[in-house]
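# Structure at a glance
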Amino acid sequence: MSTTETPSLCGLKREDFQTTINGKNTDLYILKNSLGYEVAVTNYGGAIVAIMVPDKDGNVANVIQGHDNIQEVINSPEPYLSTLIGRFGNRIKEGKFQLNGKEYQLAINNGPNALHGGPTGFHARVWDANQVSDHAIVLKYTSSYLEENFTGEVTVWVAYTFTDDNELVIKYQATTNKKTIVNLTHHAFFSIQGIADPTPAINDQLLEINADFYLPIDETSIPTGEILKVAGTPFDFRTQKAVGQDIDADNEQIKNGAGYDHCFVLNKHEVGEMTFAARLLDPNSGRTLEVFTTEPGMQVYSDNWATGYKGQHGATFPRRSAICFECQHFPDSPNRPYFPSVVLNPGEQYTQKTIYKFGVQK
């Protein structure tokens, strides 16, 4: 089903997202719920380029960072800006892992490490798109054998649904023909205050994270292997506090991440259950974002490396103007046997579900 040409809240134009890359067409898809709010998606990297939701006064703004044409999406200073991530979200130490006694070497694209599936990971691929209704789209991509040097051919389906409760539901499925590793996530850069020129900092937003433990990292952002309590550290968000309260604390972990860029171990009673992960409140607009996921971990990234580059409709994205909640398995899992497994075998199905729910607090 094609997107209708009725005017959209986000003001984005389909033709600005249409091009052909390696014989595959890119396009823009608008998901609308019955309230009239919108999510805009391109099938290049599964990038979400707009989420149009109201504040406490009913003013609608875009609360996710994106670009307004396909060339800027492709050439973004932030290559992972609000895109799908695979085959392996987050970092793998020195890009090395072993499977069936064989060592695999991935591209090194983040200091000495591999990050987010490599330079031509899922964020830089054209997905097959099928808009199944006004409010839902299914993206499909087949990752070939040894693409980015991962073993196995992996077929991935990702469904975006925008519900009448202003929930963006992301469901993932993947299968493989050979034993491999899979760790999928979405790298949405949320600016729930609304993007602007400049987009305001996230420091005053109030954050709660449902995690008693987190994974400390070394100076190259690889987990040390420890699983530490958040209590008494800048990583304690068990009761809500301002994002900026401890973001520049005199703390080795904060320095290693240049702010927050750490995986939180979400509190779970059983593996794979859908549970509350985080809640963010912007006191100025009254907008809230709640995160629910089946995943064991959530990388929280406080946009520490943005440079004020340009986004859509003249918006600019300075340092710490967004926050990411990347629901996933743990970084460097292939090299840590006691972390939850990321191995996918033939005949098995990888599944994940994450919900981003937008609301207002008056």
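One can find the structure itself at the top, above this paragraph.
Notes on the structure follow. (Residues numbered from 1 in each chain as written. Predicted model: local features only at pLDDT ≥ 70, side-chain atom pairs only at ≥ 80, totals over all residues. Heavy atoms only, no water.)

Turning our eyes to something else, we now look at the pairing of strand 24 (residues 287-293). Burial analysis of strand 24 places five of its seven residues in the buried class, the great majority of the element. Relative to strand 24, strand 23 (residues 275-281) runs antiparallel, the two sharing six bridges. Paired with Leu-280 across the strands is Leu-289, a residue of strand 24. In sequence, strand 23 turns back onto strand 24 through a hairpin of five residues, with Gly-286 there showing a positive phi of about 80°. (Buried < 20%, exposed > 50% of the residue type's maximum accessible area, 1.4 Å probe, protein only. Helix = DSSP H or I, 4+ residues; strand = E, 2+ residues; numbered from the N terminus. Pairing = 2+ DSSP bridges.)

Further remarks concern the sheet that holds strand 4 (residues 38-42). Strand order in the open sheet made by the four strands is 3-4-5-6, with antiparallel pairing throughout. In this open sheet, the two edge strands, each paired with only one partner strand, are strand 3 (28-32) and strand 6 (60-62). With direction set aside, neighbouring strand axes in the sheet form an average angle of 15°. Two elements, strand 4 and strand 5 (residues 48-54), share four bridges in a ladder whose sense is antiparallel. By the bridge assignment for strand 5, Val-39 is matched with Ile-51. (Axes fitted to C-alpha atoms, helices over the stretch in contact; angles between N-to-C directions.)

Now for the pattern of salt bridges. Pairing of side chains with opposite charge becomes possible as their charged atoms draw close. In the structure shown here, the tally under the stated rule is nine salt bridges. Here Asp-261 and Arg-91 are joined by a salt bridge, their closest N and O atoms 3.3 Å apart. On the criterion of sequence distance, the pair formed by Asp-261 in strand 22 (residues 261-266) and Arg-91 in strand 8 (residues 91-92) is long-range, its members being 170 residues apart. Given the relative accessible area of 8%, Arg-91 is considered buried. With a shortest N-O distance of 3.0 Å, Arg-320 and Asp-248 are connected by a salt bridge. Taken together, the residues span a long stretch of sequence, with Arg-320 in the loop between strand 27 (316-317) and strand 28 (324-328) and Asp-248 in the loop between strand 21 (241-242) and helix 2 (252-257) at a distance of 72 residues. (Salt bridge = Lys/Arg side-chain N within 4 Å of Asp/Glu carboxyl O.)

These figures capture arrangement, not role.
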